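This is what each chain is made of:
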Amino acid sequence: MPVIEFEIKPEQLVKAAVQLPQAEFDDLVARLMVARAQRRVPHLSGEEARLLLRINRGLSEKQRRRFHELIDKRRAETLTTSEHKELLKLTVKAEQLNVERIEALARLARLRGVTLKQVMQQLGIKPPPVYG
């Protein structure tokens, strides 16, 4: 099969990407994060690539927007009972994704023989702020 190569500018790539349906856009972003990590660590194993996909998984953009809308309504004390239930479901989902993310980060740290803190630094991941 012949290979056709062409040059695409980053602006064109971004313009095309933002036109994708949300799920495809999220998948593209996750795949780009894996490609970025492979550039930093050229010999990324299949296991490391799978872990990076898990690390970069999160709520969809639509879910994140709704989550923040509901939090704003809760702060304004205008949250309905059904919205409260929706907020709880989104919170549980976000927390589960965070648990999976930490597990994947810990597994990646073990594979690389470094600490969790070191692997987070390698990936440019900052710990969330501590609220007290």
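Treat the numbers as computed from the prediction; the structure is a model and nothing was measured.

1. Points about helix H6 (residues 116–123)
Part 1: Within the span of H6, buried status applies to Val119, Met120 and Leu123. All buried residues of H6 fall inside an arc of 100 degrees around its axis, so they share one side. Exposed side of H6, more than 90 degrees from the buried face: Lys117 and Gln121 are the residues found there.
Part 2: Among the residues trailing H6, Gly124 stands out with phi positive, at a value near 75 degrees.

2. Quick look at the packing of helix H4 (residues 61–75) against helix H5 (residues 81–112)
Part 1: Interhelical geometry of H4 versus H5 gives an angle of 130 degrees and a closest axis separation of 10 Å. It follows from the interaxial angle that H4 and H5 lie oblique. Note on packing geometry: the crossing formed by H4 with H5 is left-handed. Within the contact between the two elements, H4 uses Gln63, Arg66, Phe67, Leu70, Ile71, Lys73 and Arg74 and H5 uses Glu83, Glu86, Leu87, Leu90, Thr91 and Lys93.
Part 2: Looking at the contact of H4 with H5, its residues break down into five nonpolar, two polar and six charged.

3. Structural notes on the confidence of the model for the protein chain
Part 1: In this model, the protein chain carries an average pLDDT of 86, and 89% of its residues clear a pLDDT of 70 or more.
Part 2: When the elements of the protein chain are averaged for pLDDT, helix H2 (residues 22–40) gives the smallest value, 76, and H5 the largest, 95.

4. A word on the layout of surface pockets
Part 1: One number sums up the size of the largest pocket: a volume of about 780 Å³.
Part 2: If you go around the largest pocket, you meet 27 residues; those closest to its centre are Arg57, Gly58, Leu59, Arg64 and Asn98.
Part 3: Elements with a minimum of two residues in the lining of the largest pocket: H2, H4 and H5.

5. Let's talk about a nonpolar patch on the surface
Part 1: Residues Phe6, Ile8 and Leu13 make up a contiguous nonpolar surface patch of roughly 330 Å² in combined accessible area.
Part 2: Looking at the secondary structure, you find Ile8 in the segment before helix H1 (10–17).
Part 3: Residue Ile8 is classed as partly exposed on the basis of its relative accessible area, which comes to 42%.

6. Focus: the environment of Lys73
Part 1: Along the chain, Lys73 turns up in helix H4.
Part 2: In the structure, Lys73 is positioned ten residues away from Glu83 in sequence and 8.9 Å away in space, judged by C-alpha atoms.
Part 3: Excluding its chain neighbours within four sequence positions, the residues that come into contact with Lys73 are Thr78, Leu79 and Glu83.

7. Points about the pattern of salt bridges
Part 1: The tally for this structure, following the rule as stated, stands at twelve salt bridges.
Part 2: For Glu61, the salt bridge is made with Arg64, and the minimal N-O distance between the two is 2.7 Å. Remark: Arg64 and Glu61 occur in helix H4; sequence separation between them is three residues, near one turn of the helix.
Part 3: Using a relative accessible area of 27% as the deciding quantity, one classes Glu61 as partly exposed.
Part 4: For Glu86, the salt bridge goes to Arg66, with nearest N and O atoms at 2.9 Å. Residue Glu86 is found in helix H5, and its partner Arg66 is found in helix H4; the two are separated by 20 residues along the sequence.
Part 5: Judged by its relative accessible area of 24%, Arg66 is partly exposed.

Criteria and thresholds
Residues numbered from 1 in each chain as written. Predicted model: local features only at pLDDT ≥ 70, side-chain atom pairs only at ≥ 80, totals over all residues. Heavy atoms only, no water. Buried < 20%, exposed > 50% of the residue type's maximum accessible area, 1.4 Å probe, protein only. Helix = DSSP H or I, 4+ residues; strand = E, 2+ residues; numbered from the N terminus. Arc of directions from axis to C-beta. Axes fitted to C-alpha atoms, helices over the stretch in contact; angles between N-to-C directions. Parallel < 35°, antiparallel > 145°, perpendicular 65-115°, else oblique. Left-handed = near helix turned anticlockwise from the far one by under 90°. Contact = heavy atoms within 4.5 Å. Nonpolar A, V, L, I, M, F, W, Y, C, P; charged D, E, K, R; others polar. pLDDT = per-residue confidence, 0-100. 1 Å grid on protein atoms, 1.4 Å probe; cavity = no way out; pocket = protein on both sides within 12 Å on 5 of 7 lines; lining within 4 Å. Points joined across faces, edges and corners; volume = space filled by probe spheres on them. Patch = residues over 30% accessible without salt bridge, like charges linked within 9 Å, V, L, I, M, F, W, Y side chains within 5 Å. Areas by Shrake-Rupley, 256 points an atom, 1.4 Å probe, with all protein chains shown as cover. Salt bridge = Lys/Arg side-chain N within 4 Å of Asp/Glu carboxyl O.

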